[in-house]
Amino acid sequence: MGYDGESVRRHRIAVIPGDGIGREVTPAALEVLEAVGRAHGFELELTEYPWGCDHFVDTGRMMPVDGIELLRGTDAIFLGAVGRPDVPDHISLWGLLIPIRRSFRQYVNLRPIRLWPGIASPLRDVTPEQVDMVIVRENNEGEYSEIGGRLHQGTEDELAVQEALFTRKGTDRIISYACELATARSGRICSATKSNGIIHTMPFWDERFAEVTSRHPRLEAEQVLIDALAAMVVLNPGRFDVIVASNLFGDILSDLAAAVAGSIGIAPSGNLNPEREYPSMFEPVHGSAPDIAGRGIANPIGAIWSAAQMLEHLGEQEAAAAVLASVERMLASDGPRTRDLGGTATTADVTAALVSSFTSA
Ligand SMILES: NC(=O)c1ccc[n+]([C@@H]2O[C@H](COP(=O)([O-])OP(=O)(O)OC[C@H]3O[C@@H](n4cnc5c(N)ncnc54)[C@H](O)[C@@H]3O)[C@@H](O)[C@H]2O)c1
């Protein structure tokens, strides 16, 4: 099907495939985006940046000094994954991802999780109706802080200190975002806390949660200690809809919830600047998966779902819904699936099946 409307909408997208399977799932998602664009009347102006760990090994930097400036004028950023076994993970994270998330005030990390019809959860007797939640992870502060240091390295007196940072502004805005999302969804919100063990920041988080949710009296709000919450997401995933969590808790919980939904390979994420003062960034939850990189077997659905999140952010709601509907149809009708989902298909097989749903419609 081709678009027969009058004008073609254009969106400027910076693409950073990154490392490992990032370079396999990114082209897959771009192929799907191009096909859905043709069907829905928009074009993407793509600028690709070869940044990541190879760039670090060649130049000593994950991205050039003016990297943030190069991204600033775009409508959105699409990222694959970063990480290479011979480059320390804190270098790849703090040299690229975290500077982008912080410079562009992408303080919401939105991670939806669904058990798609046709996919088996590793849990017995769990149905797609029971696994449909969104983790709203704080993305700019919390436990991921640069404040701290190390002393007496290599001696018996060695020590490391890391400060967690929670501001009222940062905490309120993430909880407010989650409240609005919960209002638009089921009306239920759960806060991940740990105010029994962490005696300053987490009681503060709880106080802000109580204050912000009191402005949304129709919401059913609860808070659960993160350790118990991890167990509950496994034992009773249907209990949860919107979960708001700090940077670290949200990161861990979203991998756990993605596993409940069948594979981390299908989980998407949006790093959002809700005020739209800066570009937002979309990327699969998974990393560069060096154990399977280069073999053409990575599941591209996490990247493709992230691309659908990006379309929604760009105002292409119909196209975003069409991408998700084609993923749903493919999985429900026993279409190709990669090894992480128990199949034998390649990245290219899954991509071709999704692309054909737009070209043959
Ligand atoms: N946002 C990011 O760029 C990001 C996120 C997480 C980890 N990392 C980095 O990635 C590297 C590897 O980290 P890791 O092994 O902890 O996590 P990972 O997500 O890369 O892999 C974990 C496991 O899941 C599998 N897997 C992941 N994505 C898959 C997909 N699309 N299809 C099929 N299987 C998939 C992998 O094969 C591996 O067994 C590290 O360098 C880490 O720092 C980057």
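Given the structure is predicted, the values throughout are model-derived calculations rather than measurements.

Reading the values: the criteria
Residues numbered from 1 in each chain as written. Predicted model: local features only at pLDDT ≥ 70, side-chain atom pairs only at ≥ 80, totals over all residues. Heavy atoms only, no water. Helix = DSSP H or I, 4+ residues; strand = E, 2+ residues; numbered from the N terminus. Rg over C-alpha atoms; globule rule 2.2 N^0.38 Å. Buried < 20%, exposed > 50% of the residue type's maximum accessible area, 1.4 Å probe, protein only. Contact = heavy atoms within 4.5 Å. Areas by Shrake-Rupley, 256 points an atom, 1.4 Å probe, with all protein chains shown as cover. Near = heavy atom within 4 Å. Polar contact = N/O pair within 3.5 Å; in protein donor to acceptor, adjacent residues only side chain to side chain. Patch = residues over 30% accessible without salt bridge, like charges linked within 9 Å, V, L, I, M, F, W, Y side chains within 5 Å. Salt bridge = Lys/Arg side-chain N within 4 Å of Asp/Glu carboxyl O. Core = buried A, V, L, I, M, F, W, Y, C linked by side-chain atoms within 4.5 Å. Axes fitted to C-alpha atoms, helices over the stretch in contact; angles between N-to-C directions. Parallel < 35°, antiparallel > 145°, perpendicular 65-115°, else oblique. Left-handed = near helix turned anticlockwise from the far one by under 90°. Nonpolar A, V, L, I, M, F, W, Y, C, P; charged D, E, K, R; others polar.

**Examining the overall build of the protein chain**
In terms of regular secondary structure, the protein chain is built from 11 helices and 12 strands. Whereas a compact globule of 361 residues would reach a radius of gyration of roughly 21 Å, the protein chain reaches 20 Å, a difference of no more than 12%. By residue count, 52% of the 361 residues in the protein chain fall in the buried class. Long-range pairs, those at least 24 residues apart, make up 75% of the contacts in the protein chain between residues at least 6 apart in sequence. Carbon together with sulfur atoms contributes 52% to the accessible area of the protein chain, which is approximately 16100 Å² in total.

**Comments concerning the site of the ligand**
Looking at the ligand, there are 21 residues lining it, with Val82, Asp89, Gly287, Ala289 and Asp291 nearest. Asp291 is positioned with one of its side-chain polar atoms (N or O) 2.8 Å from an oxygen atom of the ligand. Against a free-state accessible area of 800 Å², the protein chains account for coverage of 70% of the ligand.

**A few points about a nonpolar patch on the surface**
Together, Leu151, Leu159 and Val161 line one region of the surface with nonpolar side chains, adding up to about 240 Å² of accessible area. As for its position among the elements, Leu159 is in strand β7 (residues 159-162).

**So, the nonpolar core**
Core analysis: the biggest nonpolar cluster contains 82 residues, and Phe78, Val136, Ile189, Leu229, Ile243 and Val244 have the highest contact counts within it. With eight residues, helix α9 (residues 301-313) is the largest single contributor of residues to this core. Once residues lying within four places of it in the same chain are set aside, the contact partners of Phe78 are Ile13, Ala14, Val15, Ile16, Thr26, Ala29, Leu30, Phe282, Ala303, Ser306, Ala307 and Met310. In this structure, Met63, Leu71, Val82 and Phe104 belong to the second largest nonpolar core, which totals 18 residues.

**Things to note about the packing of helix α10 (residues 317-332) against helix α11 (residues 347-359)**
Where α10 meets α11, the axes come as close as 10 Å, and the angle between the chain directions of the two elements is 120°. It follows from the interaxial angle that α10 and α11 lie oblique. Here the hand of the crossing between α10 and α11 comes out right-handed. Each of Ala322, Val323, Ser326, Val327, Arg329 and Met330 in α10 lies in contact with α11, whose residues at this interface are Val350, Ala353, Leu354, Ser357 and Phe358.

**Regarding the side chain of His11**
Note on placement: His11 falls in strand β1 (residues 9-18). At 2.8 Å, the side chain of His11 and the side chain of Glu316 are in polar contact. Residues contacting His11, with those up to four places away along its chain left out, are Phe42, Glu43, Leu44, Glu45, Asp75, Leu314 and Glu316.

**Points about unusual backbone geometry**
The phi angle of most residues is negative, glycine excepted, and most peptide bonds adopt the trans form. Phi at Asp125 is positive, roughly 60°, even though this residue is not glycine. Checked against the element boundaries, Asp125 lands in the loop between β4 (108-114) and β5 (132-138). Using a relative accessible area of 69% as the deciding quantity, one classes Asp125 as exposed. If you check the backbone angles, Arg276 has positive phi at about 60° while not being a glycine. Note on placement: Arg276 falls in the loop between β11 (268-272) and β12 (280-284). According to the relative accessible area criterion, Arg276 is exposed, its value standing at 53%.

**Some details on the packing of helix α7 (residues 226-235) against helix α8 (residues 247-260)**
Closest axis-to-axis distance for the α7/α8 pair is 10 Å, and the angle between their directions is 15°. What the angle tells us is that α7 and α8 run roughly parallel. In this structure, α7 meets α8 at a crossing whose hand is right-handed. Every residue of α8 that contacts α7 at Ile226, Leu229, Ala230, Val233 and Val234 is listed here: Phe249, Leu253, Leu256, Ala257 and Val260. A class-by-class count of the residues in the contact of α7 with α8 yields 10 nonpolar, no polar and no charged.

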